[in-house]
Amino acid sequence: MSLINTAVQPFKAQAYHNGQFVEVTEQTLKGKWSVLVFYPADFTFVCPTELGDLVDHYAEFKKLGVEIYGVSTDTHFTHKAWHDSSETIGKIKYPMIGDPTGAITRNFGVMIESEGLAERGTFVIDPQGKIQSIEINAGGIGRDATELLRKVQAAQYVASHPGEVCPAKWKEGEATLAPSLDLVGKI
């Protein structure tokens, strides 16, 4: 069953954010665009490259009114330790959610049960708390923050322009489509 257009399931978790431990719930996501980026584990190899790429583009996400949340099955304590010991992770300004029970990871359908780790899952969530985009990669395939930015911009555009859709490779400012009988077979 697809999670597209479904509401984020209730959850409560601790996160490491800006030098403090903070509580994050599904209600925290409401009222703004959010991106949850699940990754397998702290102190690994591909994960810091992805999280660092998000750091490099974080200001662009913030300009769009988007908050990023990194999520793994590690604890918030482990997130702090990684933040304090890694130059790349030390630059992170977005919340890093600990999900040691795997409840959030299971709610989003990205738990690798045999390992107790999360798949590389990315979820774009609208201000109403509904999932608008999902990307899941195999463990060895890192994600690209630039492509994620494009997807967020497309989701925001479609949300604010009913009756229009964004074609493949659409970028902000480019032409969109208005599906109609006249377009059938003409694209």
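Our subject is the structure listed above.
Note that the coordinates shown come from a computational prediction; the quantities given were computed from them, not determined experimentally.

Each value, and the rule that gives it
- Residues numbered from 1 in each chain as written.
- Predicted model: local features only at pLDDT ≥ 70, side-chain atom pairs only at ≥ 80, totals over all residues.
- Heavy atoms only, no water.
- Pairing = 2+ DSSP bridges.
- Helix = DSSP H or I, 4+ residues; strand = E, 2+ residues; numbered from the N terminus.
- Axes fitted to C-alpha atoms, helices over the stretch in contact; angles between N-to-C directions.
- Contact = heavy atoms within 4.5 Å.
- Buried < 20%, exposed > 50% of the residue type's maximum accessible area, 1.4 Å probe, protein only.
- Polar contact = N/O pair within 3.5 Å; in protein donor to acceptor, adjacent residues only side chain to side chain.
- Patch = residues over 30% accessible without salt bridge, like charges linked within 9 Å, V, L, I, M, F, W, Y side chains within 5 Å.
- Areas by Shrake-Rupley, 256 points an atom, 1.4 Å probe, with all protein chains shown as cover.
- Salt bridge = Lys/Arg side-chain N within 4 Å of Asp/Glu carboxyl O.

A. Highlighting the sheet that holds strand S9 (residues 131–137). Across the sheet, which stays open at both edges, the seven strands sit in the order S2-S1-S5-S4-S3-S8-S9 with mixed pairing between neighbours. Of all strands in the sheet, those bounded by a partner on one side alone are strand S2 (20–25) and S9. Averaged over all neighbouring strand pairs, the angle between strand axes comes to 25°, with direction disregarded. Helix H2 (residues 46–63) rests against strand S3 (33–38), strand S4 (66–72) and strand S8 (120–125) of the sheet, and its axis sits at about 165° to S4. Each of S3, S4, S8 and S9 is contacted by helix H5 (residues 145–160), which is oriented at about 145° to S3, the strand it contacts most.

B. Region of interest: the environment of Phe61. The topology assignment puts Phe61 in helix H2. Here the alpha-carbon distance between Phe61 and Val35, two residues 26 residues apart in the chain, equals 9.4 Å. Not counting residues up to four positions away in its chain, the partners in contact with Phe61 are Leu54, Val66, Ile68, Ala145, Leu148, Leu149 and Val152.

C. Looking closely at unusual backbone geometry. The backbone phi angle of Asn5 is positive, close to 65°, even though this residue is not glycine. The residue Asn5 is located in the segment before strand S1 (12–17) in this model. Although it is not a glycine, Asn18 sits at a positive phi angle of roughly 50°. On the secondary structure map, Asn18 appears in the loop between S1 and S2. For Asn18, a relative accessible area of 51% puts it in the exposed group.

D. Inspection of the environment of Tyr157 at higher detail. Position of Tyr157 among the secondary structure elements: in helix H5. Separated by 19 residues in the primary sequence, Tyr157 and Thr176 place their C-alpha atoms 9.4 Å from one another. Filtering out sequence-adjacent residues up to four positions away, Tyr157 remains in contact with Glu164, Cys166, Trp170 and Thr176. Within the local environment of Tyr157, its side chain forms a polar contact with the side chain of Glu164, the two groups lying 2.6 Å apart.

E. Local environment of a nonpolar patch on the surface. Together, Ile4, Ile134 and Ile136 give the surface a local cluster of nonpolar side chains, amounting to about 220 Å² of exposed area. Checked against the element boundaries, Ile134 lands in strand S9. The exposure class assigned to Ile134 is partly exposed, which follows from its relative accessible area of 31%.

F. Representation of the pattern of salt bridges. Going through the model one piece at a time under the given rule, you end up with seven salt bridges. As a salt-bridge pair, Arg120 and Glu50 come within 2.7 Å of each other at their nearest N and O atoms. In this pair, Arg120 sits in strand S8 while Glu50 sits in helix H2, placing the two residues 70 residues apart along the sequence. Glu50 carries the same exposure label as Arg120, and that label is buried. We note a salt bridge from Glu113 to Arg106, for which the minimum N-O separation is 2.9 Å. Residue classification places Glu113 among the exposed positions, given a relative accessible area of 51%. For Arg106, a relative accessible area of 42% corresponds to the partly exposed category. Shared partners join several salt bridges into a network, and the residues in it are Glu50, Arg120 and Arg143.

G. Geometry of the pairing of S2. Pairing of S1 with S2, which is carried by six bridges, proceeds in the antiparallel orientation. Bridge pairing links His17 to Gln20 in S2. Hairpin connection from S1 to S2: two residues lie between these consecutive antiparallel strands, with Asn18 at a positive phi of about 50°.

H. Just the side chain of His83, in detail. Within the secondary structure, His83 is located in helix H3 (residues 76–85). Separated by 3.3 Å, the side chain of His83 and the backbone oxygen of Ile92 make a polar contact.

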